[in-house]
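# Summary of structural features
Read off the chains here:
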Amino acid sequence: MRLLPRASRRALIAAGAVGALAMGVTVALPVVNAMAASGCAVTYTTNQWQGGFTANITVKNLGDPINGWTLGFTFPNSGQKVTQGWSATYTQSGSAVTAASMSYNGSLATNASTGIGFNGSWTTANPAPTSFTLNGAVCTGSTTPSSPAPSSPAPSSSPSASPRPSTSPSASPSPSPSQPTGQTPVAINGQLHVCGVNLCNRFNRPIQLRGMSTHGLQWFANCYNDNSLNALASDWQADLLRVSMYVQEQGYETNPAGFTNQVNNLVEEATERGLYALIDFHTLTPGDPMYNLERAKTFFAAVSARHAAKSNVIYEITNEPNGVSWSTIKNYAEQVIPVIRANDPDAVVIVGTRGWSSLGVSEGGNSTEIINNKVNATNVMYAFHFYAASHKDNYRAEVERAAAALPIFVTEFGTVTYTGGGAVDTASSTAWLDMLDRLKIGYANWTYSDAGEGSAAFKPGTCNGGQYAGTAVLTESGNFMRNRIRTPDSFPTS
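Reading the values: the criteria
- Residues numbered from 1 in each chain as written.
- Predicted model: local features only at pLDDT ≥ 70, side-chain atom pairs only at ≥ 80, totals over all residues.
- Heavy atoms only, no water.
- Helix = DSSP H or I, 4+ residues; strand = E, 2+ residues; numbered from the N terminus.
- Buried < 20%, exposed > 50% of the residue type's maximum accessible area, 1.4 Å probe, protein only.
- Contact = heavy atoms within 4.5 Å.
- Areas by Shrake-Rupley, 256 points an atom, 1.4 Å probe, with all protein chains shown as cover.
- Pairing = 2+ DSSP bridges.
- Axes fitted to C-alpha atoms, helices over the stretch in contact; angles between N-to-C directions.
- Core = buried A, V, L, I, M, F, W, Y, C linked by side-chain atoms within 4.5 Å.
- Disulfide = S-S within 2.5 Å.
- Salt bridge = Lys/Arg side-chain N within 4 Å of Asp/Glu carboxyl O.
- Polar contact = N/O pair within 3.5 Å; in protein donor to acceptor, adjacent residues only side chain to side chain.
- Parallel < 35°, antiparallel > 145°, perpendicular 65-115°, else oblique.
- Nonpolar A, V, L, I, M, F, W, Y, C, P; charged D, E, K, R; others polar.

Turning next to the overall build of the protein. Within the protein, the regular secondary structure consists of 11 helices and 24 strands. The proportion of buried residues among the 494 residues of the protein is 58%. Contacts in the protein between residues at least 24 apart in sequence constitute 77% of all its contacts with a sequence separation of at least 6. Only carbon and sulfur atoms are counted for the fraction: they give 52% of the accessible area of the protein, which is about 17,600 Å².

See the structure below:
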């Protein structure tokens, strides 16, 4: 089901020119512990490869409570640069670096800590900073090595070899925040896994996740803020946020570091609210996933390392393959999944299917080719997409048949036509969702945005304001989906 170019797409968000990360074999560097009894404590650790490194920073406030902070430090070597950061906004002038807090981690009580991190590059050497400041308070102390000096990294197998992730989850770039407690979807269900043809929770019971998909981050980033995400979690009572990152169409390929940072930040926002985060590598044109194989390896190495310790992240490795065989898609999956597994061995991975993730139906096929030749990996599900006004009984029949043999996740669907526009087909949408509920197949609706098209949840202009909860700002599709998602989940816990 191809999503045709949308007439409502907006002018691109200006993106800073940040160099793409070139990752490789990681090696440990010393740990710096900078302490100041009256101000702050900082722990700085790195993993290094030839020309690049990942830095993890834990910031502890030893002074009065603060609401909003800026961490400052200076690189000892002029060739050291920040190329991509997460959980803070980074700026660099010469060798001086500042990292400003995000909305979700700006408040630090006395003795409270937060974790941030970044990827960087270096030329001649990569020594660690020896002092830091937190809101101007100097964190001073001594350098205490905790591991041997780095050895030379092993060379890649060829000049075009893909970036290699670390081989252990313990080498991931940043410690994750504690998982939420209470009655959020993540708090109840914990780490998910595939059991038989179902997605199952920590109690080994089948569950269904229901939520919304972002639109392209290059066009609708202003729709994803504290108010809108609070509305999704609390007013809509959703379980899932699908973070849709286009690769082409002025997406990831134009600024890999910038888009990776956007994805990381939205995963953190979902985590803060106890939602599952589905990271969508949104490929569409060209339809051959192999065209983006190296980009996928680079991207998934970075995000899987960043979020490895979380229990709420799901990876969708190719959105809508089209014009290629299932064997090509399977080959792609079996090269990308090991990159994720090297960092995050337990996460669920969703693989797109032939014919714009239609299980092959939109190209005259069916799910038999997948059933007879499944991806050689564990905790794998298969994507299905539909648009209710365009895809009806024959598509539903194929999903019903395939669901007896394959774990399926509807990572994208619309209540309208496959173009993303037109009127809501209430009857077909209801038939689809009733079937998915019965089969316990999870879904993400397209889209949680104010795009000028029938599939959007919000009326045009909503994202320029601050009101997202309630029904006044919703389109017909938004009202329909909010009513469906708000019905109780009744997650099994025994």
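Anyway, onward from the coordinates.
Note that strand 6 (residues 70-74) and strand 9 (residues 96-100) share five bridges and pair antiparallel. When the bridges of strand 9 are listed, T74 appears paired with A96. Alignment of strand 6 against strand 12 (residues 132-134), held across three bridges, turns out to be antiparallel. Note on strand 12: the bridge partner recorded for G72 is T133.

This part covers the sheet that holds strand 17 (residues 210-213). Strand order in this closed barrel of eight strands is 17-18-19-20-21-22-23-24, and the pairing throughout is parallel. Taken pair by pair, the neighbouring strands of this sheet meet at an average axis angle of 25 degrees, ignoring direction. Note: strand 17 against strand 24 (residues 443-446), four bridges, orientation parallel. The residue of strand 24 that forms the bridge with M212 is N445. Packed onto the sheet, helix 5 (residues 293-306) meets strand 18 (240-246), strand 19 (276-282) and strand 20 (313-316) and runs at close to 165 degrees relative to strand 19. Across the sheet, helix 6 (residues 326-343) touches strand 19, strand 20, strand 21 (349-351) and strand 22 (380-387), and the angle it forms with strand 21 is around 165 degrees.

So, on to the nonpolar core. Generally speaking, nonpolar side chains in soluble globular proteins are found buried as a group. Counting residues in each nonpolar core, the largest one holds 85 residues, and the members touching the most others are F300, I317 and V351. Element by element, the count of residues in this core is highest for helix 6, at seven residues. What V351 contacts, discounting residues up to four positions off in sequence, is I317, W326, I329, A333, I337, V375, V380, M381, Y382 and A383. By size, the runner-up hydrophobic cluster in this structure holds 23 residues, among which are L71, A88, V97 and L108.

The next subject is the state of the cysteines. Applying the stated rule across the entire model yields three disulfides. Across the disulfide from C40 sits C139; the S-S distance is 1.6 Å. Of note, the bridge from C40 to C139 carries an S-S torsion of about -100 degrees and is left-handed in sense. With a gap of 99 residues between them, C40 in strand 3 (residues 40-49) and C139 in strand 13 (residues 137-139) connect regions that are remote in the sequence. In terms of burial, C40 and C139 fall into one category: buried. One disulfide bridge connects C223 with C463, the sulfur atoms lying 2.1 Å from each other. Measuring handedness by torsion sign, the sulfur bridge of C223 and C463 sits at about 105 degrees and is right-handed. Highlighted residues: C223 in the loop between helix 2 (217-220) and helix 3 (226-235) and C463 in the loop between strand 24 and helix 11 (476-485), separated in sequence by 240 residues. Under the relative-accessibility criterion, C463 is labelled buried at 5%. Sequence-ordered numbering of the disulfide-bonded cysteines in the protein gives the connectivity 1-2, 3-4, 5-6.

Across the 10 residues that make up helix 11, a large majority, seven, are buried. Listed in full, the buried residues belonging to helix 11 are S477, G478, F480, M481, R482, R484 and I485. Elements that come into contact with the buried residues of helix 11 comprise strand 17, helix 3, strand 23 (408-414), helix 10 (426-439) and strand 24.

As enumerated under the stated definition, the model contains 20 salt bridges in all. A salt bridge links D226 to R273; the shortest N-O distance between them is 3.2 Å. Here the residue D226 occupies a position in helix 3, and R273 occupies one in the loop between helix 4 (256-272) and strand 19, the gap between them amounting to 47 residues. Among the ionic pairs, R242 bridges to E412, the shortest N-O distance being 2.9 Å. You can see R242 sitting in strand 18 and its partner E412 sitting in strand 23, a full 170 residues away along the chain. Each of the two residues, R242 as well as E412, counts as buried. Each of the salt bridges in this network shares a partner with another, and the network as a whole consists of R242, D280, E316 and E412.

Among the secondary structure elements, S449 is positioned in the loop between strand 24 and helix 11. Within the structure, the side chain of S449 is placed 2.7 Å from the side chain of T447, a separation counted as a polar contact. Setting aside residues no more than four positions away along its own chain, S449 makes contact with H215, F220, C223, Y224, A456, A457 and F458.

As a further point, take the sheet that holds strand 12. Read from one edge to the other, the open sheet built from five strands follows the order 8-9-6-12-13, with strand pairing classed as antiparallel. The sheet is open, and its two borders are formed by strand 8 (89-93) and strand 13, each paired with just one other strand. Averaged over all pairs of adjacent strands, the angle between strand axes in this sheet comes to 20 degrees, irrespective of strand direction.

Time to look at the side chain of D280. One can find D280 in strand 19. Since its relative accessible area comes to 0%, D280 is described here as buried. Aside from chain neighbours lying at most four places away, what touches D280 is R242, V243, S244, M245, E316 and N319.

The packing of two helices is summarised by the inter-axis angle and the distance between the axes. Running from N to C, helix 9 (residues 393-402) and helix 10 cross one another at 5 degrees; their axes reach a closest spacing of 11 Å. When the axes of helix 9 and helix 10 are compared, the pair comes out roughly parallel. Every residue of helix 10 that contacts helix 9 at Y395, R396, V399 and E400 is listed here: S428, A431, W432, M435, R438 and L439. Looking at the contact of helix 9 with helix 10 residue by residue, the classes come out as six nonpolar, one polar and three charged.

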